[in-house]
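Working through the structure, step by step
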Amino acid sequence: MVGVLLLVKIGWRNLWRNPRGTLLTALALGLGLTLLLISLGLLDGSHEQLVRNAVRFGTGHVVIQAQGYQDTGSLELLLPAQVVSTTGEFMHGEAMKHVLRGMSPRLLASGLLSSAANASGVSMMGVNPKEERAVSLIPQRIVEGNYLNDDQQSGVVIGAELARKLAVKVGGKVVLMTQAVQAPATEATDADEGEMQSTLLRVNGIFRTGIQAIDAHVIHLPLPEAQGLLGVPDRVNQVAVLLEREGDSLMVARSLRKQLTGLPVEVLTWRESMPTLAQSFVLDEAFNYVMNGVVLAMVGLGILNTILMRVLERRYEFGLCSAMGLRPVQLAVMVIGESLALTAISLALGLVLGLGAQHYFATAGLDLRWFFKSSLPSALVFDPVIYSRLSVARIASSVSTVFLTATAISFYPALKAARTELPGALRVF
Amino acid sequence: MTELAVELKDVKKTYRTGPIEVPALRGISLSVAPGEFLAIAGPSGSGKTTLLNIIGGLDRADAGEVLVEGRNLQLLSTGELARLRLQRLGFVFQAYNLLPVLTALENAEFTLLLQGVPVEQRKERVQKLFSEIGLANLEHRRPGELSGGQQQRVAVARAMVTEPALILADEPTANLDSATATALLEVMEHLNRAHNTTFVYSTHDPLVMERARRLIRMRDGKIASDVAHAGQTL
């Protein structure tokens, strides 16, 4: 053990034979780790923001729909009446209330919204305003007027793009036209099945999310109004569930599936209800792995180059040590010790720089408007300012990966040192 | 009967570089008794260094037997040779003997540390040896802060500190001026007499040859003469 400490001490001191070279190498390798941490932090941060926004503009962390609704989007696929109450009781019960942030039953359909000036196809969403406020971000993005009142029976909230297209303002009148639901033969409906229905609505408020697809097409109206228009009183086709933590999605979905067993419903996590978004994350991760691989290769080659050069320069010294009785494995330990010391310095520098950058991007954020100037992409479903998020586990795994890469790579120069041949290595004159 | 420190029987060594063969030793037979102070002289290329390397287990003979304290080096594995060098042999080379990142003290105790000798004993043995050979107060200097003669004395101390049976020195005075070389030889002679350690060193310096109690002259890979200090041919 003492021998190993001496060998490590020699390795450490060898590093400082050329302090400037060592520091430059350590800085280069440290910057590799810094880049890794910045890239992972921004990736995780953007994913977190994307999920947070996407679930709140979309279906929530978990959504309950009639069986087959995800694939067909068919209006006729309504949830059985007891699903809403059963889900409500379960989610507000002891087991789930600590993970629940809100849940909102919704009735979705498409229709045509007309004003005196124009008309546009819309995605109408009948909601209970109080419950929708706990789930959706749209109530928070009102830029003119107000969102629907809790006990409001009529009225509509529309996006800014749609308002511009229809040339309507708050208080203006619009006509919503849609087709009544063709319910299964066993179910009676108020409206004439399949008949076109229309209603006059007054614009309550205008929202702006910054997402073109939502601002130009989505409208919110009170649930009873929507149910009356579609002829399906007390029925909805979706219950969106928002959780405190995204990480609980799968657990909640599984519990709900168990709870609703036997009913013709599908319980989906946001990954299943918004598969395109989930796949984009997978693609992002894959791309990130490639980038991290490049960074690791840079780090590895840096370590290899530095240590190998140092080993080749000190062939005589290794010969001398070998002549004194040092065994090949001890020569290797000496080189690995030197490599680990260099890696440790690099990691310390990388951590200081990386965590500094992480702190900056976590508080000030990375403003993408600087890159996109005035025009943000219309398909943008995230805030233009990305805030870095880096978990302790991510930091630990990054540091461990760099450390293990550097250690594995140092075996080659260590092998070179261990293979020092006598008496050849001692020939200098 | 006292066991010989070194015994060589018809040792041959040839270096090969592609098709070219260069015979370095052409059948050397030699016996060295414990406590001898033996110089091997001869011009460059006469085989002095090869002979020392083979005696020290740094290189292997192509033929013949090499026995150190009765152990046939030809039969030892690389690891066993390393252990033998660590436990029973000491080396002093022409120059660059010390690890530049270690102090004089650390260099001298390096082999003791590898042998697992406790710290107190290590310090005591090195300090005693340093005082004996005039290195006191230089313990914490690094090689770059020592003169050539001081560095060679540290190398001798490192070779001696493990109390080896045999110290092999390959032209230890080659890079020293005559005064420093004489001082180094005095140190080696003192240690040889005081500790009865066998010294075998190579040289082509007539002044250094004179200090040996036995002088072997080599030429073209053979022993040309083997003479005791009194002038008696052995």
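Residues numbered from 1 in each chain as written. Chains lettered and ligands numbered in written order. Predicted model: local features only at pLDDT ≥ 70, side-chain atom pairs only at ≥ 80, totals over all residues.

It is worth spelling out the overall build of chain B at this point. When helices and strands are counted, chain B shows seven helices and ten strands. Computed over C-alpha atoms, the radius of gyration of chain B comes to 17 Å, within 12% of the 17 Å expected from 2.2 N^0.38 for 234 residues, which places it in the range of a compact globule. Each of the three principal axes of chain B carries a C-alpha extent, and together these read 50 × 45 × 40 Å. Partitioning the contacts of chain B with sequence separation of at least 6, the portion at a separation of at least 24 is 69%. (Helix = DSSP H or I, 4+ residues; strand = E, 2+ residues; numbered from the N terminus. Rg over C-alpha atoms; globule rule 2.2 N^0.38 Å. Contact = placed C-beta atoms within 7 Å.)

Each helix and strand counted, chain A has 15 helices and twelve strands in total. Relative to the 2.2 N^0.38 estimate, which gives 22 Å for 429 residues, the radius of gyration of chain A is 31 Å and therefore markedly larger than a compact globule would have. Overall size of chain A, expressed as C-alpha extent along the three principal axes, is 105 × 50 × 30 Å. In chain A, which comprises 429 residues, the proportion classed as buried is 42%. Long-range pairs, those at least 24 residues apart, make up 81% of the contacts in chain A between residues at least 6 apart in sequence. (Buried ≥ 20, exposed ≤ 12 C-beta atoms within 10 Å, placed from the backbone.)

A word on unusual backbone geometry. Omega for the peptide link from Leu422(A) to Pro423(A) comes to 0 degrees, which places this bond in the cis form. Within the element layout of this structure, Pro423(A) appears in the segment after helix 15 (392-418). With phi around 55 degrees, Glu163(B) is a residue other than glycine that occupies positive phi space. Mapped onto the fold, Glu163(B) is located in the loop between helix 5 (148-160) and strand 7 (166-170). Of the residues examined, Glu163(B) has 12 C-beta atoms within 10 Å and is grouped as exposed. Here the phi dihedral of Asn196(B) falls at roughly 55 degrees; this positive angle occurs in a residue that is not glycine. The topology assignment puts Asn196(B) in the loop between helix 6 (178-195) and strand 8 (198-203).

For the rest of this paragraph, the subject is the packing of helix 13 (residues 328-363) of chain A against helix 15 of chain A. Residue and element names in this part refer to chain A. The geometry of helix 13 relative to helix 15 is characterised by a closest axis approach of 8 Å and an angle of 150 degrees between their N-to-C directions. Judged on the interaxial angle alone, helix 15 and helix 13 are roughly antiparallel. The handedness of the crossing between helix 13 and helix 15 comes out as right-handed. Of helix 15, the residues touching helix 13 (which contributes Pro328, Val329, Leu331, Ala332, Met334, Val335, Ile336, Ser339, Leu340, Thr343, Leu347 and Leu351) are Val399, Val402, Phe403, Ala406, Thr407, Ser410, Pro413, Ala414, Leu415, Ala417 and Ala418. (Axes fitted to C-alpha atoms, helices over the stretch in contact; angles between N-to-C directions. Parallel < 35°, antiparallel > 145°, perpendicular 65-115°, else oblique. Left-handed = near helix turned anticlockwise from the far one by under 90°.)

Below, the discussion takes up helix 6 of chain B. Residue and element names in this part refer to chain B. The terminal C-alpha atoms of helix 6, which comprises 18 residues, lie 25 Å apart, in line with the 26 Å expected from a rise of 1.5 Å per residue. Every buried residue of helix 6 is listed here: Ala181, Leu184, Leu185, Val187, Met188 and Leu191. Angularly, the buried residues of helix 6 cover 155 degrees about the axis, an arc narrow enough to put them on a single face. Residues Ser178, Ala179, His190, Arg193 and Ala194 are exposed on helix 6 and point more than 90 degrees away from its buried face. The inward-facing, buried residues of helix 6 abut helix 5, strand 8 and helix 7 (206-211). A positive phi of about 55 degrees marks asparagine 196, the residue just after helix 6. (Expected span 1.5 Å × (residues − 1). Arc of directions from axis to C-beta.)

Take the interface of chain B and chain A next. Listed as interface residues are 21 residues of chain B and, on the opposing side, 20 residues of chain A. At the level of secondary structure, the elements contributing two or more residues to the side of chain B that touches chain A comprise helix 2 (78-88) and helix 3 (104-115) of chain B. At five residues, the largest contribution of residues to the side of chain B that touches chain A is made by helix 2 of chain B. In terms of residue class, the side of chain B that touches chain A is made up of twelve nonpolar, six polar and three charged. (Nonpolar A, V, L, I, M, F, W, Y, C, P; charged D, E, K, R; others polar.)

On to the sheet that holds strand 9 (residues 214-219) of chain B. All names here are of chain B. The six strands lie next to each other as 6-7-8-3-9-10, forming an open sheet whose pairing is mixed. Looking along the sheet, the strands with just one partner apiece sit at the ends: strand 6 (89-92) and strand 10 (222-228). Going from strand to strand, the sheet's axes swing by 15 degrees on average, the running direction of each strand aside. The pairing of strand 3 (residues 37-41) with strand 8 spans five bridges and is parallel. Note on strand 8: the bridge partner recorded for alanine 39 is tyrosine 201. (Pairing = 2+ DSSP bridges.)

Let us now look at the packing of helix 3 of chain B against helix 4 (residues 119-132) of chain B. Residues and elements named next belong to chain B. Contact pair helix 3 / helix 4: the axes reach a minimum separation of 10 Å and the direction vectors enclose 130 degrees. Taken together, helix 3 and helix 4 sit at an angle that is classed as oblique. The two elements helix 3 and helix 4 cross, and the hand of that crossing is right-handed. Between helix 3, through Leu105, Ala108, Glu109, Leu112 and Leu113, and helix 4, the contact on the second element is made entirely by Arg122, Arg125 and Val126. Each residue belonging to the contact of helix 3 with helix 4 can be placed in one class, and the counts come to five nonpolar, no polar and three charged.

It is worth spelling out the sheet that holds strand 1 (residues 6-17) of chain B at this point. Residue and element names in this part refer to chain B. Taken together, four strands build an open sheet; the order of strands is 2-1-4-5 and the sheet is antiparallel. The two strands at the open ends of the sheet, each matched to only one other strand, are strand 2 (20-32) and strand 5 (71-72). As paired elements, strand 1 and strand 4 (residues 63-68) share five bridges and run antiparallel to each other. Bridge pairing in strand 4 links glutamate 7 to leucine 67.

The subject of this paragraph is the domain arrangement of chain A. Here chain A is partitioned into domain 1 (2-53 + 278-426) and domain 2 (59-273). The C-alpha centroid of domain 2 of chain A is placed 50 Å from the C-alpha centroid of domain 1 of chain A. (Domains from an automatic or database assignment.)

All names here are of chain B. In the predicted model, chain B carries a mean pLDDT of 91, and the fraction of residues at 70 or more is 97%. Segment residues 230-234: pLDDT under 50, and six contacts once partners within four positions in sequence are set aside and those in other chains are kept. Here the predicted complex scores 0.72 on pTM and 0.89 on ipTM. (pLDDT = per-residue confidence, 0-100.)

The next point concerns the pairing of strand 1 (residues 62-66) of chain A. Residue and element names in this part refer to chain A. For strand 1, the tally of buried residues reaches five of five residues, placing the bulk of the element in the interior. Examined bridge by bridge, strand 1 and strand 9 (residues 238-243) share four bridges and lie antiparallel to one another. Looking at strand 9, one finds that valine 63 is bridged to alanine 240. As paired strands, strand 1 and strand 10 (residues 265-269) are joined by five bridges and run antiparallel to one another. Residue pairing for strand 10: alanine 66 is matched across the bridge by valine 265.

Attention shifts here to the nonpolar core. With 118 residues, the main nonpolar core has Ala157(B) and Val200(B) as its most contacted residues. In terms of residue count, the dominant contributor to this core is helix 13 of chain A (ten residues). Those residues in contact with Ala157(B) that sit more than four places away from it in its chain are Ala108(B), Val126(B), Leu129(B), Phe130(B), Ile133(B) and Leu135(B). In terms of nonpolar packing, the next biggest core, distinct from the first, is built from 62 residues, Ala66(A), Met96(A), Val203(A) and Ala240(A) among them. (Core = buried A, V, L, I, M, F, W, Y, C linked by C-beta atoms within 7 Å.)

Turning our eyes to something else, we now look at the pairing of strand 6 of chain B. Residue and element names in this part refer to chain B. The alternating pattern of strand 6 places Leu89 and Phe91 on one face and Gly90 and Val92 on the opposite face, and all of these are buried. Across four bridges, the pairing between strand 6 and strand 7 is parallel. Residue pairing in the sheet places glycine 90 in a bridge with isoleucine 167 of strand 7.

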